[in-house]
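An overview of the molecular structure
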Amino acid sequence: MTQSDKQPEKTWTIEDAERVYGVSSWGGGYFEIGENGNIHVIPEPRMNDVRIDMKAVIDEIREENIQFPVVVRFHDVLRSQVITLNETFREIISEASYQGKYRGVYPIKVNQMREVVEEIVDAGQPYDYGLEAGSKPELLAVLAMNTNLNALTILNGYKDEEFLKLALLGRKLGRKVVVVIEKFSELTMLIKVSKQLDIAPIIGLRAKMQSKGQGRWQGSSGERAKFGLNVSEIIKAARLLEKEGMSDTLKLLHFHIGSQLPEIRAIKDAVNESARIYAELVKMGFALEYVDVGGGLGIDYDGSKSTADSSRNYSVREYVADVVYGMREVCDLEGVPHPNIVTESGRAITAHHSCVITEVVGEIKPDGAQIDTAAGEDDHILLKNMRDLADHLSGELNFQEVYNDATQYKEQASDAFKLRVIGLEELGKIETLYWQIMRKVKHFYRNADFVPEEVQSLDFSLSSQYLCNFSIFQSAVDSWAIDQILPVVPITNLHTPPVNDGSLVDITCDSDGKIDKFVIEHAIDHVLPMPAFSKDEPFYLGLFLTGAYQDVMGDMHNLFGRLNEVHIFSYDDDPQDFYIEEFVKGSSVEHVLSVMQYHPSSMAIDIKKYIDKEVAAGNIKPREGVKWTDFYEHCLAGYTYLNTES
Ligand SMILES: *Cc1c(COP(=O)(O)O)cnc(C)c1O
C-alpha cells in the first residue's frame, strides 16, 4: 500500500514528503525538499546556506529555449566532493599521527567529460590530487589535463608499447606518472622501452587480492580476477627489477577489489592484506612510497545505509579512518615506514553532481477507456453477472470473494470471446466493469491491517504509467542493465499529497524502456507516488545521482544520443543564487545518423529529388514542396528527443 491510499485525511507536510521520497537520506547533504515543495540544491553544505531552487533552474532553461530532457551539472557539488574527501584524509591522518600523506587520484573512466575532469583537477589543486587513466585514449587526455608536477598520474589497464612510451613521455615532462603492472609481460616490455629511451619509469604492481569485495563487482578480486599479479609474480617482478638495476623504480603497490562496495569489512580486510605485502616488499629492500587502495567507496543510492547492493554500511569518514588506521597498525607492527596513501574513488566523487530532468508527456491508464455499460436486452450471462457484482458492492461483502469472482468472470469472458460466444462490445463492457470493481476492492482495503497478496498486486495493476521524454538506455543505463536503483523524484508540488501512483516509461520503442523500482519510505516499491499536477503545464521529474558511469555510458540506442546539458554555478550575489555558465548541445539527428554511417546531406538531397518529382507531376504545389524540403532539413538538424514546444 502506498502513501496515497493510507492517509487521505491527515494534512500533508514537507516532513511527510521527506519520509516518502527520502531526499535527505540519499542526497548526501546536497538535496532537500524546500518549504515551497520544490527540490532545492545545497551546492556547498560545508560553507554557507546557499539554496538553489530546481524550479528556478528549470524556468531559466525554458527561457533559454533549451529542450528537455536536460542533464544538469552542479559544479559546486563536484568541487565539494573533492574537497570533502581530501579534507577528511587530512583530518584523520593528523588525528592518527600517520606519517604518510594522502595522494588521491580521480579515475576518469567514471566520467570523462572534459568540464567534469577540469573541475576536479582545479578543486584538487591545493591537495595535489591527481588523475587515473585505464586506456590509451584516457592517457592522452590525462597527459594534457594533469599538469600539476606534484600530483600523481596512475596508469591501470592492459598496456601496449605505445601506452608505455606515452607514460615515459609524461616522465620527460616531469610528471609523476606511475605505470601499474597488471600482468607480468608488461614489466619486461616496460624495462625494455625505458632502457631504449633512457627514461626512468615509476612502477607500481597490482596485487591480486584474496580479500573479496562484495556486491556486484566482487569479480575484481580473488584468484580468477582479470587484473593483477599473484604473490609469486610480485616476488618475481621485484627480483627482476633488482637484477636490471631498477629496484628504485618500484614505488607503489596497488589493489582494487571492486566498485560500490556495500560492506566496510571487505575494505578493512583488503587494506590489511595489502599492508602486509607492502611491509614484506620494504623488508626485502624495496623502498616503496605508496599503497594505492583503488576505488570502491560506495554511494547510498537508496538511502538505507545498509549492505544492499545500492547502498553502503559506512560513511566517507569511516572509510577513510579504516584505511588510515588499518595501514598504520600493520606498518607499526612490522616496523616499516607509513606509506603515502592513494585512493581511486570515482563514483563517490561524481555521482551527486548531475541529474537528468525530464518532462512527463503522457499518462497511460490501465483502465483508460470507460465505455457505457448500461444493461441491454440480450446481454450474455457473463456480462450480467459482472454488472450484478458491480452494482451491489457494499461494505458487508467479503471483498476477497468479490475479487475472485470478478477475476473469474473476466477470464471466462476472454475464453468466451475466443470461442465466438460473446462479441467485442460485450468484452469491452466486461473489462470496464472489471476495472471499476477492482478500484473499489482496492479502496476497501486502503486502511486494512491485512491485505491479501493478490489485492496488493492491484496497486501495480491499477497504477498509471507515466510517459517521460527520455531514454533509459541513455540516461539511466544502470537501472536497466544491472538493476541499479536511482532516486527519482518530482521536482515540484511536493508540498501537496500524492494523489496517484505510477511507474515510468520512456519514449524508446523498447518494452524494456521503463523504471518500476523506486525507493519509497525506505523500501523498494514498484510505483512512484505522484502529486497532483496540471495537464496544461509541463511537469518535471528528476533522476538523481547520475554523475558516475551513467553519464558517459549512454549508447546510440534508438538513435537518441546525448542529452542537452546545462552547467550551473552557485553565486551568492544573484537573486536566485546561481547562474548557468555553459550550455552543451545534445546530439542532433544528423550527428547520430552519421555515426551510423548515413550521409544526412545526401539524404536531404534525395528527399528533395523525390519531392521535386511529385511537384513536377502536380501532386504537390511548388510552395508546399519547398516547405516540406525545409522541414526535412530542419528535423535533421534538430534534437533527437520529443519536441514538446510545438
Ligand atoms: C573503475 C575503477 C575505479 C573506480 O572505482 P569507483 O568504485 O568508481 O571508485 C578505480 N580503480 C580501478 C582500477 C578501476 O577499474
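Residues numbered from 1 in each chain as written. Predicted model: local features only at pLDDT ≥ 70, side-chain atom pairs only at ≥ 80, totals over all residues. Heavy atoms only, no water.

A few words now on the side chain of Ser463. Turning to its location among the elements, Ser463 is positioned in the loop between α18 (458-461) and β14 (464-468). Ser463 has contacts with Pro366, Leu458, Asp501, Gly502 and Val527, leaving out every residue within four places of it along the chain. (Helix = DSSP H or I, 4+ residues; strand = E, 2+ residues; numbered from the N terminus. Contact = heavy atoms within 4.5 Å.)

On to the UniProt feature "domain: Arginine decarboxylase C-terminal helical" (unreviewed entry) in the chain. Residues annotated in UniProt with the feature "domain: Arginine decarboxylase C-terminal helical" (unreviewed entry) correspond here to residues 589-642. Along residues 589-642 the backbone is 74% helical and 0% strand, and the end-to-end C-alpha distance reaches 12 Å. (UniProt positions renumbered as here; feature names shortened; annotations may be inferred.)

Okay, the domain arrangement of the chain next. Examined at the domain level, the chain breaks down into domain 1 (13-74 + 467-484 + 496-584), domain 2 (100-345), domain 3 (381-459) and domain 4 (590-637). Each of domain 1 and domain 3 has a C-alpha centre, and these two points are 38 Å apart. (Domains from an automatic or database assignment.)

The pairing of strands in a sheet happens through backbone hydrogen bonds and is either parallel or antiparallel. Across the sheet, which stays open at both edges, the 3 strands sit in the order β1-β2-β3 with antiparallel pairing between neighbours. In this open sheet, the two edge strands, each paired with only one partner strand, are β1 (31-33) and β3 (52-53). Alignment of β1 against strand β2 (residues 39-41), held across 3 bridges, turns out to be antiparallel. Along β2, the bridge assignment pairs Glu32 with His40. (Pairing = 2+ DSSP bridges.)

One turn of the α-helix equals 3.6 residues, which is why residues spaced by three or four share an orientation. Along its 21 residues, helix α5 (residues 75-95) runs 30 Å from first to last C-alpha, staying within 8% of the 30 Å computed at 1.5 Å per residue. One or two steps after α5, the chain reaches Ser97, where phi turns positive at roughly 45°. (Expected span 1.5 Å × (residues − 1).)

Our next topic: helix α9 (residues 184-197). Here α9 spans 21 Å end to end across 14 residues, near enough to the 20 Å set by a 1.5 Å rise per residue. For α9, the full list of buried residues reads Phe184, Glu186, Leu187, Leu190, Ile191, Val193 and Ser194. In this structure, the buried side of α9 is in contact with α8 (161-172), β8 (176-181), β9 (202-206) and α10 (231-243). Following α9 by one or two positions, Asp198 has its phi on the positive side, about 55°. (Buried < 20%, exposed > 50% of the residue type's maximum accessible area, 1.4 Å probe, protein only.)

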